[in-house]
Number of protein chains: 4
Amino acid sequence: MNPIDRLTEAFEKFPGIGPRQARRFVQYLLSAAPNLRADMAEQIKALGANTSQCTECYRWFVGKSGLCAVCGNSSRDAATLFVIEKDADIDNVERSGYKGRYFVLGGTIPLGSEEPVKHIRLRELKKRIAENGLTEIILGLSATTEGDHTRQLLQETLKDTGLTISSLGRGLSTGSELEYADPDTIASALNSRN
Amino acid sequence: MNPIDRLTEAFEKFPGIGPRQARRFVQYLLSAAPNLRADMAEQIKALGANTSQCTECYRWFVGKSGLCAVCGNSSRDAATLFVIEKDADIDNVERSGYKGRYFVLGGTIPLGSEEPVKHIRLRELKKRIAENGLTEIILGLSATTEGDHTRQLLQETLKDTGLTISSLGRGLSTGSELEYADPDTIASALNSRN
Amino acid sequence: MNPIDRLTEAFEKFPGIGPRQARRFVQYLLSAAPNLRADMAEQIKALGANTSQCTECYRWFVGKSGLCAVCGNSSRDAATLFVIEKDADIDNVERSGYKGRYFVLGGTIPLGSEEPVKHIRLRELKKRIAENGLTEIILGLSATTEGDHTRQLLQETLKDTGLTISSLGRGLSTGSELEYADPDTIASALNSRN
Amino acid sequence: MNPIDRLTEAFEKFPGIGPRQARRFVQYLLSAAPNLRADMAEQIKALGANTSQCTECYRWFVGKSGLCAVCGNSSRDAATLFVIEKDADIDNVERSGYKGRYFVLGGTIPLGSEEPVKHIRLRELKKRIAENGLTEIILGLSATTEGDHTRQLLQETLKDTGLTISSLGRGLSTGSELEYADPDTIASALNSRN
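Fair warning: this is a prediction, and the values are worked out from it, not measured in the lab.

Engineer: Report on the overall build of chain A, specifying residues and quantitative values.
Structural biologist: Counting secondary structure elements, chain A contains seven helices and six strands. The N-to-C order of helical and strand elements in chain A reads α-α-α-β-β-β-α-β-α-β-α-β-α. Counting over 194 residues, chain A shows a buried share of 38%.

Set out below in structure tokens:
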């Protein structure tokens, strides 16, 4: 395969990028100045050298090693662990005012998978939970079939830890109207009425 | 104003219809057979004669008078009253498996309104609640600013009834992902975690 | 069928309206004041009485009989006839600055139809063309398969009239970029380059 | 600025990419295997080494030097030169069946720019036109204000070359209906009727 097609294929693996846009990326780089390409190549290669994966929550952050800004912040509530799918979820949850800790699961488990461990950081999560000080695990998975499947497996796996295992509430999301809500969401909203 | 413009204006008041589509409706009627127009006119005029407003929940239904199919169904749970904004909400809630009764509020209260009674059936609701047999009122308002405003006013108004006043749970709606949820919804989902 | 379902079905035949919106229209009318319904019914029934179909271009207009505003305007170019599919097209063409006459075909011919006359005003068009004073017929059909099919049939049918038969130019529409244009449009734009 | 933010900023300059997606790209790379990053960095850096800019049409292609596949293909019509804005346009025009040559302008001229030469390859185009064998220049610019502005400047600049200077036809694009076409497109379609 030629260099243009090979790089196009690499960009096609980027999240949300199709063949057409991948090709435009390559065109953009082709017509860019050589030193922009050199800079970018350097940055991508150096990404590993200047960033670290937090040893506690497994998110990526800028720094030599150790703990990320949240895990290293002793003023945050150490009793609550918010289990999320991916790094990007953290930014969003932070905006909601949550003040506890996080654990990045690294994905969800596809239906029918016989090796859940291959898709999520289950061993790392168990190890994290075994540490002292936690009282509650909040499962913050997507409200999708695969998210539900993963949540059920985690609930089953963690039920003997003695910790409170909770899941995010389901119901009407902000801005939604009853007339357009799906029956499943209405049923959840009825169940969680308060 | 000429007949075409006048009817266009009438269609513009239909829910979700703008000037362009209103005009297309008139064109459709203009080029339709005269007896289609006559039929349609007859049906619109007769709508009041062949339909009634349920004396208990205030929804419109086909029939001479009295109770609608839900209110007249003695096998439904008579202890729970689901307060909704409009007739169309009922179809959707029915699909969720709810088995109690309904009350159609007829709208929401605009922020700053000094006469709430003009916008919703508050007197009728109080009268309905005064009847025997109810134990819980579920407030099923839209998760919008105006819906919240209306919900708060109702909670205040009904707090001395001795009944349980609940509201639909807020949280992640079915199908949504944490990364794209708004902070307000995440905060609600955290509050209603279970 | 009951009155609500019957009227819902009637609204479903309106251009661009699905079952859900049709039902909302009926709800809107149900909860409207009886005299709004009576007024609307009156207007729909009276549509035929106060409007006429232009005897020359076949569009519908407000008036007792005779010619519409364009056909009755002697200052417009009487030599050019713009053949369009439906009344609503006229408003749009007028905004482009066209100063000639119109003829409303009333539709397009489905592929494979054995009776084209059932779908468009072919006889009326021939009669209109037989009148004195025309030098050019502009076929203003949609750039779709069915529009092309209709255009070809009209070109064939009208080729012996001795008039210039032209069609709207194909090419890049205002605002479009070459990168996103479909190959067919680019081929047309190349053919009609000037 | 830290490595994550710096790479995010670099991705934000990619065509069609906003801050949110740029961040997801970085997350994707962060959680990718180090050798995927190394590979990608290598490919981006090597892009210049393994690709060349065609000396005749200025598009980028895979090869050591010289002419691209179209310019080096002696069976293509050497008399017609299709002037386009960017490399990606060529793929699309090829699908339309065009069999002549290309010239990549490299952009369009912003309104009010006092140095057009800075935005497009004007000198290179003049040099290319000065070569023997051309009879027609087709200006294939976007049907936008900036595209029109560039086209007018080129028409002015090239009018003394003795060559036919044509522009892509404007009109209804394939699939469009008269009712929804903008007045400008209808006016063009009337002008280019045939």
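Engineer: Requested: an account of the interface of chain D and chain C, with residues and values cited.
Structural biologist: Contacts between chain D and chain C engage 43 residues on the former and 43 residues on the latter. Secondary structure elements with two or more residues in the side of chain D that touches chain C: α4 (87-95), β5 (136-140), β6 (164-167) and α7 (183-191) of chain D. Of all the elements, α7 of chain D adds the most residues to the side of chain D that touches chain C, at nine residues. A breakdown of the residues in the side of chain D that touches chain C according to their chemical character gives 15 nonpolar, 19 polar and nine charged.

Engineer: Give me the lowdown on the relation of the copies chain B and chain A, citing residues and values where you can.
Structural biologist: In the superposition of chain B on chain A (RMSD 0.2 Å, axial shift 0.2 Å), the rotation amounts to 180 degrees. Both chain copies can therefore be described as sitting about a two-fold axis. No C-alpha of chain B approaches the rotation axis more nearly than that of G171 of chain B, which lies at 2.2 Å. The share of interface residues of chain B whose copies in chain A are also at the interface is 100%, consistent with both copies meeting through the same surface.

Engineer: Could you give me a rundown of the interface of chain B and chain A, with the residues and numbers involved?
Structural biologist: With 43 residues of chain B at the contact, the number on the chain A side is 43 residues. Among the elements of the structure, α4 (87-95), β5 (136-140), β6 (164-167) and α7 (183-191) of chain B are those that each provide at least two residues to the side of chain B that touches chain A. Considering each element in turn, the side of chain B that touches chain A owes the most residues, nine residues, to α7 of chain B. When grouped by side-chain class, the residues that make up the side of chain B that touches chain A number 15 nonpolar, 19 polar and nine charged.

Engineer: Could you give me a rundown of helix α6 (residues 145-158) of chain B, with the residues and numbers involved?
Structural biologist: Residues and elements named next belong to chain B. Between its first and last C-alpha atoms α6 spans 20 Å; for 14 residues at 1.5 Å apiece the expected length is 20 Å, and the two agree. For α6, every residue scored as buried is listed here: G147, T150, R151 and L154. End-on view of α6: buried residues confined to an arc of 100 degrees, all on one side of the axis. Buried positions along α6 lie against β5 and β6.

Engineer: Explain the sheet that holds strand β4 (residues 101-104) of chain A to me, and be specific about the residues and the numbers.
Structural biologist: All names here are of chain A. Ordered in space as β4-β3-β5-β6, the four strands form an open sheet in which the pairing is parallel. Of all strands in the sheet, those bounded by a partner on one side alone are β4 and β6 (164-167). In this sheet, neighbouring strand axes are inclined to one another by 25 degrees on average, regardless of whether the strands run parallel or antiparallel.

Engineer: Can you tell me about the sheet that holds strand β5 (residues 136-140) of chain C, naming the residues and giving the values?
Structural biologist: Strands belonging to one sheet form pairs held by backbone hydrogen bonds; the direction of such a pair is parallel or antiparallel. Residue and element names in this part refer to chain C. With parallel pairing, the four strands of this open sheet are ordered in space as β4-β3-β5-β6. Only two strands of the sheet have a single partner each, and these edge strands are β4 (101-104) and β6 (164-167). Across the sheet, the mean angle separating the axes of adjacent strands is 25 degrees when strand polarity is ignored. Bridge count for strand β3 (residues 80-84) against β4 is four bridges, and the pairing is parallel. Within the sheet, the bridge partner assigned to V83 lies in β4 and is F103.

Engineer: Explain the packing of helix α3 (residues 34-50) of chain A against helix α3 (residues 34-50) of chain D to me, using residue names and the numbers behind them.
Structural biologist: Put simply, α3 of chain A and α3 of chain D touch, their axes get as near as 8 Å, and they point 170 degrees apart. Looking at the two axes, α3 of chain A sits roughly antiparallel to α3 of chain D. Note on element contacts: α3 of chain D touches α3 of chain A through P34, R37, A38, M40, A41, I44, K45, L47 and G48 of chain D, opposite P34, R37, A38, M40, A41, I44, K45, L47 and G48 of chain A. Here the contact of α3 of chain A with α3 of chain D is composed, by residue class, of twelve nonpolar, two polar and four charged.

Engineer: Describe the pairing of β5 of chain B, naming the residues involved and giving the relevant values.
Structural biologist: Residue and element names in this part refer to chain B. Of all the five residues making up β5, four are buried; the element is thus mostly covered by neighbouring parts of the structure. Alignment of strand β3 (residues 80-84) against β5, held across five bridges, turns out to be parallel. Along β5, the bridge assignment pairs F82 with I138. Examined bridge by bridge, β5 and β6 share four bridges and lie parallel to one another. If you follow I138 over to β6, its bridge partner there is S166.

Engineer: Tell me what's going on with the environment of R37 of chain D, and back it up with residues and numbers.
Structural biologist: Here R37 of chain D shows up in helix α3. Among the residues examined, R37 of chain D registers 19 C-beta atoms within 10 Å and is labelled partly exposed. R37 of chain D has contacts with I44, K45, L47 and G48 of chain A together with L29 and A32 of chain D, leaving out every residue within four places of it along the chain.

Engineer: Go over the packing of helix α1 (residues 3-12) of chain D against helix α2 (residues 19-30) of chain D, please, and point to the residues and values.
Structural biologist: Residues and elements named next belong to chain D. Close contact between α1 and α2 brings their axes to 8 Å; oriented N to C, the two are set at 125 degrees. Classified by the interaxial angle, the pair formed by α1 and α2 is oblique. For the pair α1 and α2, the sense of crossing is right-handed. Seen from α1, the contacting residues are I4, L7, T8, F11 and E12; seen from α2, they are P19, A22, R23, F25 and V26.

Engineer: Give a detailed account of the confidence of the model for chain A, specifying residues and quantitative values.
Structural biologist: Across chain A, pLDDT averages 91, with 100% of residues at or above 70. Interface scoring of the predicted complex returns ipTM 0.83; its pTM is 0.70.

Engineer: Give me unusual backbone geometry: which residues, what numbers.
Structural biologist: The phi torsion at Y58 of chain B lies on the positive side, around 75 degrees, for a residue other than glycine. With 20 C-beta atoms counted inside 10 Å, the residue Y58 of chain B sits in the buried group.

Thresholds applied
- Residues numbered from 1 in each chain as written.
- Chains lettered and ligands numbered in written order.
- Predicted model: local features only at pLDDT ≥ 70, side-chain atom pairs only at ≥ 80, totals over all residues.
- Helix = DSSP H or I, 4+ residues; strand = E, 2+ residues; numbered from the N terminus.
- Buried ≥ 20, exposed ≤ 12 C-beta atoms within 10 Å, placed from the backbone.
- Contact = placed C-beta atoms within 7 Å.
- Nonpolar A, V, L, I, M, F, W, Y, C, P; charged D, E, K, R; others polar.
- Least-squares fit on C-alpha atoms with pLDDT ≥ 70 in both.
- Expected span 1.5 Å × (residues − 1).
- Arc of directions from axis to C-beta.
- Pairing = 2+ DSSP bridges.
- Axes fitted to C-alpha atoms, helices over the stretch in contact; angles between N-to-C directions.
- Parallel < 35°, antiparallel > 145°, perpendicular 65-115°, else oblique.
- Left-handed = near helix turned anticlockwise from the far one by under 90°.
- pLDDT = per-residue confidence, 0-100.

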